[in-house]
Amino acid sequence: MAAPDESVVHGSKASPLAKPSELPALDKLLRDSAPLVAAHGHTLLAREARALLDASRARAVAGSLPRTELDALPQALAAQVQARLTPSMRAVINLTGTVIHTNLGRALLADAALQQVLALMAAPNNLEFDLDTGRRGDRDDLIEGLLCELTGAEAATVVNNNAAAVLLGIAALARGREAIVSRGELVEIGGAFRMPDVMSAAGATLVEVGTTNRTHPRDYEQAISPRTGVIVKVHTSNYAVQGFTAAVDEATLAPIAHAAGLPLMTDLGSGALVDLAAYGLPAEPLPQAMLAAGCDVVTFSGDKLLGGPQAGLIVGTREAVGRIRKFPMKRALRLSKLPFAALEATLRLYLRPERLVQDLPTLRLLTRPQAQIAALAAQLLPELAAAVAPRFTVETVALQSQIGSGSLPVERLPSAGLAFSAVDGRGRTLEALATSLRGLPRPVIGRLHEHRLLLDLRCLEDPALLTAQLAALREALA
Ligand SMILES: *Cc1c(COP(=O)(O)O)cnc(C)c1O
């Protein structure tokens with residue numbers, strides 16, 4: 001067989017291929033990039049230049065490096081350095097329809113929380129310093145009064161996240177003893193957080209009572225023994241048990257626990273601090289109601305419905321919270337000053353409930369009226385249609401948003417958005433669109449559903465973030 005013409009295989013004659021020997025030496029490339037070296041230093045530039053030359057040499061050896069790229073090596077190096085200096089963690093646009101999305105960082109911080117973080121993190125602060133006495137203080141003192149006022153608790157403390165709060169609570173109350181939990185509440189909350197595993201990690205022996213669908217007061221009563229350390233209730237936040245069911249609520253369980261001298265602990269998971277029904281949202285159990293029902297300890301997350309930073313909030317009686325605070329593991333799980341500053345500022349917003357819908361992004365997004373979202377969809381439709389034509393068509397659609405993060409799992413919020421279909425009707429094409437959207441400077445995350453790509457616009461408060469990227473999208477799809 002005749003050897004094919006080289007210009008056909010390796011590109012046109014106008015763009016011949018570079019030989020390995022034509023590549024510049026490292027020193028030459030660095031000299032040609034002098035301003036970059038001056039800006040970022042020799043260490044980074046030499047490392048990146050070497051990597052670029054190694055990769056180029058491999059391509060030259062393989063016969064796939066166009067000579068034109070030789071002249072563009074300084075530009076390629078600049079781009080590579082820029083990419084190395086850009087953090088991997090980036091802002092994205094959440095159009096999944098799930099408002100508190102665990103994979104996308106959960107709650108957005110309120111302005112007040114952001115300002116507080118900015119103001120405090122580059123300066124020393126009184127995190128553990130009592131300004132009245134000039135002595136060592138306790139970080140809990142900065143936040144305990146506020147948490148008690150908001151929840152009606154006698155005492156409160158905070159840790160790194162709610163998983164830590166549950167672990168610490170069980171360890172402090174039932175290490176080396178038994179913890180009683182209903183079989184209907186042995187939840188897994190994604191990843192490695194399974195209630196039975198948390199029990200053993202906390203050093204407590206799990207005693208399961210009742211059945212998956214029904215647990216009665218007598219089940220708890222019969223399980224109580226001299227070895228019992230705590231009775232635990234877990235809010236089944238990411239699933240619903242429906243049909244022939246029975247669970248024992250906190251108000252019924254508290255007297256049973258207290259008659260045996262035991263504390264009752266409830267893990268609420270999401271834990272809203274205000275009655276969501278008052279905002280037209282599905283009701284969620286409140287820590288204040290759990291305490292009023294007689295719980296000794298209530299734990300909940302800082303970055304779910306509360307709308308703050310990652311944190312685990314523990315509120316309860318002076319006696320039970322005191323035991324938790326003194327438990328040695330507390331020191332390892334404590335909340336760092338960065339989320340601490342954001343959490344305090346977020347909690348202070350709850351002192352003005354009338355303003356909460358404006359002030360707290362989570363609540364603002366959850367309560368956004370469908371008509372407003374639908375109007376935004378209609379407004380964006382022509383520009384988006386033009387950006388994805390001719391391979392895709394777009395239409396406005398009514399959608400159902402989810403609250404997310406295991407909150408109110410079966411509830412949906414009426415929403416609206418845009419649905420993209422591939423003109424050739426192929427799923428692969430639609431996936432390419434999803435990939436292009438994720439590849440934008442500020443990645444856009446939608447969801448694929450029944451041969452359509454859906455963008456739920458509930459969480460798009462600034463449409464310019466999307467429209468500013470449409471030229472880039474058109475280019476990516478070309
Ligand atoms: C989310 C959740 C947790 C874990 O909370 P993190 O703040 O994510 O650690 C624990 N229990 C329940 C019921 C939850 O919903």
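How each quantity is defined
Residues numbered from 1 in each chain as written. Predicted model: local features only at pLDDT ≥ 70, side-chain atom pairs only at ≥ 80, totals over all residues. Heavy atoms only, no water. Helix = DSSP H or I, 4+ residues; strand = E, 2+ residues; numbered from the N terminus. Expected span 1.5 Å × (residues − 1). Buried < 20%, exposed > 50% of the residue type's maximum accessible area, 1.4 Å probe, protein only. Arc of directions from axis to C-beta. Polar contact = N/O pair within 3.5 Å; in protein donor to acceptor, adjacent residues only side chain to side chain. Contact = heavy atoms within 4.5 Å. Pairing = 2+ DSSP bridges. Axes fitted to C-alpha atoms, helices over the stretch in contact; angles between N-to-C directions. Salt bridge = Lys/Arg side-chain N within 4 Å of Asp/Glu carboxyl O. Core = buried A, V, L, I, M, F, W, Y, C linked by side-chain atoms within 4.5 Å. Domains from an automatic or database assignment. Parallel < 35°, antiparallel > 145°, perpendicular 65-115°, else oblique. Nonpolar A, V, L, I, M, F, W, Y, C, P; charged D, E, K, R; others polar. Disulfide = S-S within 2.5 Å. pLDDT = per-residue confidence, 0-100.

Colleague: Provide a residue-level description of helix H6 (residues 73-85), including the pertinent values.
Modeller: For H6, built from 13 residues, the straight-helix expectation of 18 Å at 1.5 Å per residue is met to within 8% by its first-to-last C-alpha distance of 18 Å. Among the residues of H6, Leu73, Leu77 and Val81 are the ones counted as buried. Buried residues along H6 cover an arc of 75 degrees about the axis, so they all sit on one side. Set apart from the buried face of H6 by more than 90 degrees, the exposed residues are Gln75 and Ala83.

Colleague: Can you break down the side chain of Glu144 residue by residue, with the values?
Modeller: Here Glu144 shows up in helix H8 (residues 144-151). Relative accessible area serves as the criterion here: at 17%, Glu144 is assigned to the buried category. A polar contact of 3.1 Å, which involves the side chain of Glu144, links it to the backbone nitrogen of Ala156. If we ignore the near neighbours within four places in the chain, the residues touching Glu144 are Glu154, Ala155, Ala156 and Arg325.

Colleague: Let's hear about the sheet that holds strand S8 (residues 264-269): which residues, and what values?
Modeller: Across the sheet, seven strands lie side by side as S4-S10-S9-S8-S7-S5-S6; this open sheet has mixed pairing. Both edges of this open sheet fall to strand S4 (155-159) and strand S6 (205-209), since each of them pairs with a single strand only. Ignoring strand direction, the axes of neighbouring strands in this sheet form an average angle of 25 degrees. Two strands pair when backbone bridges link them, and S4 and strand S10 (residues 312-316) are joined in this way by five bridges, in the antiparallel orientation. Within the sheet, the bridge partner assigned to Ala156 lies in S10 and is Val315. Packing against the sheet, H8 makes contact with S4 and S10, and its axis sits at approximately 115 degrees to S4.

Colleague: Explain the pattern of salt bridges to me, using residue names and the numbers behind them.
Modeller: The full count for this structure, using the stated rule, is 21 salt bridges. The shortest N-O distance in the salt bridge between Arg355 and Asp359 comes to 3.0 Å. For Arg355, a relative accessible area of 37% gives the class partly exposed. Arg452 is the partner of Glu395 in a salt bridge, and the nearest nitrogen-oxygen pair spans 3.1 Å. Highlighted residues: Glu395 in strand S11 (residues 392-401) and Arg452 in strand S15 (residues 452-456), separated in sequence by 57 residues.

Colleague: Describe the nonpolar core, naming the residues involved and giving the relevant values.
Modeller: One finds Leu343 and Leu347 to be the most contacted residues of the largest nonpolar core, which totals 56 residues. Inspection of this core shows a minimum of three residues originating in each of domain 2 (93-101 + 367-477) and domain 3 (111-357). Formed by 30 residues, the second largest nonpolar core is a distinct cluster that contains Val181, Val230, Ala320 and Leu333.

Colleague: Got a sec to walk through the packing of helix H19 (residues 370-388) against helix H22 (residues 470-477)? Specific residues and values, please.
Modeller: A pair of packed helices is captured by two measures, namely the crossing angle of their axes and the spacing between those axes. Put simply, H19 and H22 touch, their axes get as near as 8 Å, and they point 25 degrees apart. Taken together, H19 and H22 sit at an angle that is classed as roughly parallel. Contacts between H19 and H22 pair Glu383, Leu384, Ala386, Ala387 and Val388 from the former with Leu470, Leu473, Arg474 and Leu477 from the latter. By residue class, the composition of the contact of H19 with H22 is seven nonpolar, no polar and two charged.

Colleague: Could you give an account of the sheet that holds strand S12 (residues 413-422), with specific residues and numbers?
Modeller: Strand order in the open sheet formed by four strands is S11-S12-S15-S14, and the pairing between neighbours is antiparallel. The sheet terminates laterally at S11 and strand S14 (447-449), the two strands that pair on one side only. The mean inter-strand angle of the sheet, taken between neighbouring strand axes irrespective of direction, is 35 degrees. Two strands pair when backbone bridges link them, and S14 and S15 are joined in this way by three bridges, in the antiparallel orientation. Directly across from Leu448, in S15, lies its bridge partner Leu453. Against the sheet, helix H20 (residues 427-438) touches S11, S12, S14 and S15, its axis set at about 30 degrees to S15.

Colleague: Residue-level account of the state of the cysteines, with values.
Modeller: The tally for this structure, following the rule as stated, stands at zero disulfides. Cys295 supplies the cysteine sulfur nearest to Cys148, a cysteine that is in no disulfide, at a spacing of 15 Å. Residue classification places Cys148 among the buried positions, given a relative accessible area of 13%.

Colleague: Talk me through the environment of Pro255; I want residue IDs and the actual numbers.
Modeller: The topology assignment puts Pro255 in helix H12 (residues 250-259). Sequence spacing of Pro255 and Gln242 is 13 residues, and the spatial spacing of their C-alpha atoms is 26 Å.

Colleague: Explain the confidence of the model for the protein to me, using residue names and the numbers behind them.
Modeller: For the protein, per-residue confidence averages 93 on the pLDDT scale, and residues scoring 70 or more make up 95% of the total. Across residues 1-12, confidence stays below pLDDT 50; counting only partners more than four residues off in sequence or on other chains, it has eight contacts.

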